[in-house]
Amino acid sequence: SQKIEQNSEALNIQEGKTATLTCNYTNYSPAYLQWYRQDPGRGPVFLLLIRENEKEKRKERLKVTFDTTLKQSLFHITASQPADSATYLCALDSPGGSYIPTFGRGTSLIVHP
Amino acid sequence: DTEVTQTPKHLVMGMTNKKSLKCEQHMGHRAMYWYKQKAKKPPELMFVYSYEKLSINESVPSRFSPECPNSSLLNLHLHALQPEDSALYLCASSQESSGGLSSYNEQFFGPGTRLTVL
């Protein structure tokens, strides 16, 4: 069955460093992959979308890569700040092409001042 | 207005109560969703409405009853819930649910309703 894997352990980094979060998937051939940010007790907020034919997408301090051979996406935050501390979810379109995203469990990022 | 609003923010109910969660958006989105999220878990899709018609029901128990009165409003009626139904209930909307040419379903989420069933 299809599976989305994100590191369940929190990622702790120092302010100013680059945070790199990983999303792996199996038994999927997604047309796109999305990244969302979720703060405690709040709904997810959309950050970036990358399509299957794109290798990399950037938005301000954010960069997403998509390797369909490795079945992996990397999400980078450069010059990280304590305000970037949150849980980051990746989402892939559901099997069968409904285009409704299925979410991974997310990875918690903690940026220390 | 790029906001999805949800009321109430918090709800505590007994197992015999009947209550409703409400969601509203004024972005002209034609797809609206209900998700359930437990702590440290991903949002789980419950229902999808597309053009005010229920298009997906992910085998949700009948004690949850969705309603879409118009293109801007989505309700979730709750009746005879169990303590294990306690969770954050998230409403979301998107341009459409069938993945048009460019949207690929970027979802706009509301802040959620924290539900506790006693």
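Residues numbered from 1 in each chain as written. Chains lettered and ligands numbered in written order. Predicted model: local features only at pLDDT ≥ 70, side-chain atom pairs only at ≥ 80, totals over all residues. Heavy atoms only, no water.

A. Expanded view of the overall build of chain A. Across its full length, chain A carries 0 helices and 11 strands. Going residue by residue from the N terminus, the α and β elements of chain A occur as β-β-β-β-β-β-β-β-β-β-β. Taken over C-alpha atoms, the radius of gyration comes to 13 Å for chain A, in line with the 13 Å a tight globule of 113 residues would show. Over its C-alpha atoms, taken along the principal directions, chain A stretches across nearly 45 × 30 × 20 Å. (Helix = DSSP H or I, 4+ residues; strand = E, 2+ residues; numbered from the N terminus. Rg over C-alpha atoms; globule rule 2.2 N^0.38 Å.)

B. Molecular detail of the overall build of chain B. Across its full length, chain B carries 0 helices and 11 strands. For chain B, the sequential pattern of α-helices and β-strands runs β-β-β-β-β-β-β-β-β-β-β. Relative to the 2.2 N^0.38 estimate, which gives 13 Å for 118 residues, the radius of gyration of chain B is 14 Å and therefore close to what a compact globule would have. Principal-axis analysis of the C-alpha atoms gives chain B an extent of 45 × 25 × 25 Å. Out of the 118 residues belonging to chain B, those deemed buried represent 48%. (Buried < 20%, exposed > 50% of the residue type's maximum accessible area, 1.4 Å probe, protein only.)

C. Representation of the interface of chain B and chain A within the structure. Contacts between the two partners involve 25 residues from chain B and, on the opposite side, 20 residues from chain A. Linking chain B with chain A are 0 salt bridges, by the criterion used here. At the surface where chain B touches chain A, the tally comes to 3 residue pairs in polar contact (both at pLDDT 80 or more). For the side of chain B that touches chain A, the elements supplying multiple residues, two or more each, are β4 (31-37), β5 (44-50) and β9 (87-94) of chain B. A per-element tally of the side of chain B that touches chain A places β4 of chain B first, with 3 residues. (Contact = heavy atoms within 4.5 Å. Salt bridge = Lys/Arg side-chain N within 4 Å of Asp/Glu carboxyl O. Polar contact = N/O pair within 3.5 Å; in protein donor to acceptor, adjacent residues only side chain to side chain.)

D. Broad picture of the side chain of Gln6 of chain B. Residues and elements named next belong to chain B. Structurally, the position occupied by Gln6 is in strand β1 (residues 4-7). Of note is the side chain of Gln6, whose polar atom sits 2.9 Å from the backbone nitrogen of Gly112. Beyond its immediate chain neighbours, meaning those up to four positions away, Gln6 contacts Lys22, Cys23, Trp34, Tyr89, Leu90, Cys91, Gly110, Pro111, Gly112 and Thr113.

E. Broad picture of the sheet that holds strand β7 (residues 62-67) of chain A. All names here are of chain A. Strand order across the open sheet formed by 5 strands is β1-β3-β8-β7-β6, with antiparallel pairing between neighbours. The open sheet has two edge strands with one neighbour each: β1 (3-6) and β6 (56-59). For this sheet, the mean angle separating the axes of adjacent strands, direction not counted, is 15 degrees. With 4 bridges joining them, β1 and strand β3 (residues 19-26) adopt antiparallel strand pairing. Paired with Ile4 across the bridge in β3 is Tyr25. (Pairing = 2+ DSSP bridges. Axes fitted to C-alpha atoms, helices over the stretch in contact; angles between N-to-C directions.)

F. The arrangement of the packing of aromatic side chains in detail. A complete count under the given rule lists 12 aromatic pairs over all chains for this structure. When the centroid spacing of 6.2 Å and the interplanar angle of 65 degrees are considered together, the rings of Tyr25 of chain A and Phe66 of chain A count as edge-to-face. Of this pair, Tyr25 of chain A sits in strand β3 while Phe66 of chain A sits in strand β7, placing them 41 residues apart in sequence. Judged by relative accessible area, which is 3%, Tyr25 of chain A ranks as buried. Ring pairing ties together the aromatic residues Tyr36, Phe46 and Phe103 of chain A together with Tyr33, Tyr35 and Phe109 of chain B, which thus form one cluster. (Phe/Tyr/Trp six-rings, centres within 6.5 Å; stacked < 30°, edge-to-face > 60°.)

G. Spatial organisation of the pairing of strand β6 (residues 53-57) of chain B. Residues and elements named next belong to chain B. The sheet contact formed by β5 and β6 spans 4 bridges and is antiparallel. Note on β6: the bridge partner recorded for Ser50 is Lys53. Count of turn residues in the β5/β6 antiparallel hairpin: 2 residues, of which Tyr51 carries a positive phi of about 50 degrees.

H. Seen up close, the pattern of salt bridges. Within this structure, the stated rule accounts for 8 salt bridges over all chains. Measuring nitrogen to oxygen at the nearest pair gives 2.9 Å for the salt bridge that ties Arg58 of chain A to Glu56 of chain A. Given the relative accessible area of 57%, Arg58 of chain A is considered exposed. Linking Lys36 of chain B and Asp85 of chain B is a salt bridge whose minimum nitrogen-to-oxygen distance equals 4.0 Å. Separated by 49 residues along the polypeptide, Lys36 of chain B in strand β4 and Asp85 of chain B in the loop between β8 (73-79) and β9 bring together distant segments of the chain. Just as Lys36 of chain B is buried, Asp85 of chain B falls in that class too.

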